[in-house]
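# Residue-level structural notes
Spelled out from the first residue to the last, the chains are:
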Amino acid sequence: MKNYEKYMKQCIKLARKADGRTAPNPLVGCVILDKSGKEISTGYHKEYGALHAEADALNKLGNEAKGGTLIVNLEPCCHWGKTPPCADLIIKKGIRKLVIGMRDPNPLVAGQGVEKCKKAGIEVIENILHDEAVKLNEVFIKNMTKNEVFVAIKTATTLDGKIATKNGSSQWITSPRARKEVQKIRNRYDAILTTSSTIIKDNPSMKCSLQGGKNPVRIILDRELKTDFSSKIYSSSDEKVYIVVDEALDEVKTLAIPTHVAVIKCPSDNLKLDLKYLFKKLFELNISSVLIEAGGKLNGELVSLGLADKIYQFMAPKILGDKQGINAFEGRNIGEICNTLNFKFEHIYAHAPDILLIYSN
Ligand code: AOF
Ligand code: ZN
């Protein structure tokens with residue numbers, strides 16, 4: 001068992017090499033051992049449309065795979081998609097033992113890949129490092145099981161949970177090292193979402209400056225169309241920019257939007273855009289995951305509505321000490337501590353002098 005865990009760890013590490021490139025497909029890595037237990041091949045799913053991890057690893061081999069063991073973090077597929085079924089290739093190559101981290105939540109697979117391999121006489125060992133396998137593909141799992149976009153919030157606070165002073169001054173709370181880490185997080189998400197207030201205040205470009213990284217789609221909540229199109233966020237047209245406006249907005253105003261910017265008309269209530277509607281729309285636009293980089297009001301609304309799957313909270317060793325400073329999550333008014341919104345701890349990382357806390361809903 002211990003050895004399988006070691007190889008499963010390797011599968012997860014291989015899979016992560018394609019972080020941010022496989023959506024809407026999962027992150028998958030694969031290791032193959034020959035019949036004496038020696039590692040003979042590895043592979044991973046490199047990007048959407050590319051070979052599946054198992055095929056990537058098996059295609060490098062001839063007869064040596066016969067009688068061997070294949071370790072993979074996700075159940076092999078058994079359907080014809082962009083590529084042929086991996087289960088068929090595994091059987092054809094004479095693999096004797098299959099070790100998986102988790103079953104595939106895709107209804108087209110969902111246990112049938114395992115069944116097919118078992119029927120062909122392959123021994124199947126399941127749930128090796130299951131929790132890690134689930135975490136690795138949290139976006140894919142939510143997409144598949146709920147048909148919804150995965151939503152994460154990134155925030156950067158002082159020790160007293162403030163993201164800005166009362167007059168909005170916020171640059172920079174965290175250190176350059178922490179801000180570099182933000183680039184890595186951006187690279188994992190399909191889209192970054194912010195608000196007109198953040199653009200007007202900070203004029204961010206919301207790109208990913210990571211070497212070899214990809215620029216995410218940018219989404220701007222701008223109910224009344226207040227942003228200036230000369231703002232940095234609109235400057236490059238390499239990736240789509242969506243501007244989300246109130247569906248009741250004056251037609252003349254929407255006509256002035258530049259051609260590389262697509263408009264999403266969204267219903268609103270009480271001067272607030274309907275976020276549930278918007279997220280449904282984003283999923284229809286093939287956006288699998290979105291990272292929110294905005295202010296306390298939007299963050300507060302998202303958590304209150306139960307729409308945030310994950311929180312990345314950077315914290316700097318600074319204290320604002322002013323109750324009028326802006327909170328990372330605004331807008332709730334609770335009397336009792338038993339009414340807090342509770343998240344689950346996932347990880348803590350040191351990016352000295354700051355820390356990164358990761359929580360899930
Ligand atoms: C695997 N290994 O590396 C991947 C799997 O359209 P396709 O052919 O790329 O198929 C996509 C589906 O195949 C995806 O939704 C998931 O169920 C499975 N992806 N399966 O065994 C892989 N990427
Ligand atoms: Zn496959």
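Here, the structure is the one placed above.
Attention here is on the structure that accompanies the text. (Residues numbered from 1 in each chain as written. Chains lettered and ligands numbered in written order. Predicted model: local features only at pLDDT ≥ 70, side-chain atom pairs only at ≥ 80, totals over all residues. Heavy atoms only, no water.)

### Digging into the overall build of the protein
- Assigned secondary structure in the protein consists of eleven helices and 18 strands.
- Here the protein has a C-alpha radius of gyration of 23 Å; the compact-globule value for 361 residues is 21 Å, and the two agree.
- Considered along the principal axes of its C-alpha atoms, the protein spans approximately 65 × 45 × 40 Å.
- Across the 361 residues that make up the protein, the buried fraction comes to 51%.
- Across the protein, every contact between residues at least 6 apart in sequence was considered, and the portion connecting residues at least 24 apart equals 69%.
- Accessible surface, the protein as shown: approximately 17800 Å² in total, 51% of it carbon and sulfur. (Helix = DSSP H or I, 4+ residues; strand = E, 2+ residues; numbered from the N terminus. Rg over C-alpha atoms; globule rule 2.2 N^0.38 Å. Buried < 20%, exposed > 50% of the residue type's maximum accessible area, 1.4 Å probe, protein only. Contact = heavy atoms within 4.5 Å. Areas by Shrake-Rupley, 256 points an atom, 1.4 Å probe, with all protein chains shown as cover.)

### A word on the nonpolar core
- Ranked by internal contacts, the top residues of the largest apolar core, which has 30 residues, are Ile 32, Leu 58, Leu 70 and Leu 98.
- Every element with two or more residues in this core is listed here: β1 (29-33), α2 (53-58), β3 (69-74), α3 (86-92), β4 (97-102), α4 (112-119) and α6 (138-146).
- Beyond its immediate chain neighbours, meaning those up to four positions away, Ile 32 contacts Lys 38, Glu 39, Ile 40, Ser 41, Ala 57, Leu 58, Leu 61, Thr 69, Leu 70 and Ile 95. (Core = buried A, V, L, I, M, F, W, Y, C linked by side-chain atoms within 4.5 Å.)

### Concerning the coordination of the zinc ion (ligand 2)
- For the zinc ion (ligand 2), the full set of protein donor atoms is His 52 (ND1), Cys 77 (SG) and Cys 86 (SG), at a range of 2.0 to 2.2 Å.
- Site description for the zinc ion (ligand 2): donor spacing in sequence, H-x24-C-x8-C. Taken together, the residues span a long stretch of sequence, with His 52 in the loop between β2 (39-44) and α2 and Cys 86 in helix α3 at a distance of 34 residues. (Donors = N, O, S within 2.8 Å, 3.2 Å for Na, K, Ca; no water.)

### A word on unusual backbone geometry
- Between Ala 23 and Pro 24 the backbone carries a cis peptide bond, its omega angle lying at 5°.
- Inspection of the secondary structure assignment puts Pro 24 in the loop between α1 (2-16) and β1.
- With omega at 10°, the peptide bond leading from Ala 352 into Pro 353 counts as cis.
- Checked against the element boundaries, Pro 353 lands in the loop between β17 (344-351) and β18 (354-360).
- Of note in this structure, Leu 225 is not a glycine but carries a positive phi near 60°.
- Tracing the sequence through the fold places Leu 225 in the loop between β9 (217-221) and β10 (241-246).
- Phi is positive for Leu 271, close to 65°, though the residue is something other than glycine.
- Along the chain, the position of Leu 271 falls in the loop between β12 (268-269) and β13 (272-273).

### Comments concerning the sheet that holds β18
- Across the sheet, nine strands lie side by side as β11-β10-β9-β8-β14-β6-β15-β18-β17; this open sheet has mixed pairing. Two strands close off the open sheet at either side, each with one partner strand: β11 (261-266) and β17. Neighbouring strand axes in the sheet, compared pairwise and without regard to direction, differ in orientation by 20° on average.
- The pairing of strand β8 (residues 191-195) with β9 spans five bridges and is classified as parallel. Across the sheet, residue Leu 193 finds its bridge partner in β9, namely Ile 219.
- Lying over the sheet, helix α7 (residues 176-188) contacts β6 (150-157), β8, β14 (289-292), β15 (310-315), β17 and β18, oriented at roughly 165° with respect to β15.
- Its contacts with the sheet put helix α10 (residues 275-284) on β6, β8, β9, β10, β11 and β14, and the angle it makes with β11 is roughly 135°. (Pairing = 2+ DSSP bridges. Axes fitted to C-alpha atoms, helices over the stretch in contact; angles between N-to-C directions.)

### Quick look at the site of ligand 1
- Near ligand 1, the surroundings consist of 19 residues, among which His 52, Ala 53, Glu 54, Lys 82 and Asp 104 are the closest.
- Between ligand 1 and the protein, one listed contact pairs an oxygen atom with a backbone N or O atom of Thr 83 at 3.1 Å. (Near = heavy atom within 4 Å. Polar contact = N/O pair within 3.5 Å; in protein donor to acceptor, adjacent residues only side chain to side chain.)

### A closer look at the side chain of Lys 162
- Inspection of the secondary structure assignment puts Lys 162 in strand β7 (residues 162-164).
- A polar side-chain atom of Lys 162 sits 2.9 Å from a polar atom in the side chain of Asn 327.
- With residues near it in sequence (within four places) discarded, Lys 162 still touches Ala 156, Thr 157, Ile 173, Leu 320, Asp 322, Lys 323, Gly 325, Ile 326 and Asn 327.

### Observations regarding the packing of aromatic side chains
- Under the definition given, this model contains three aromatic pairs.
- Taking the centre distance of 6.2 Å and the plane angle of 90° together, the rings of Tyr 189 and Tyr 312 count as edge-to-face. Residue Tyr 189 is found in the loop between α7 and β8, and its partner Tyr 312 is found in strand β15; the two are separated by 123 residues along the sequence.
- Residue Tyr 189 is classed as buried on the basis of its relative accessible area, which comes to 2%.
- When the ring centre of Tyr 44 is taken as reference, the NZ or CZ atom of Lys 46 above it lies at 4.6 Å. (Phe/Tyr/Trp six-rings, centres within 6.5 Å; stacked < 30°, edge-to-face > 60°. Lys NZ or Arg CZ within 6 Å of the ring centre and 35° of its normal.)

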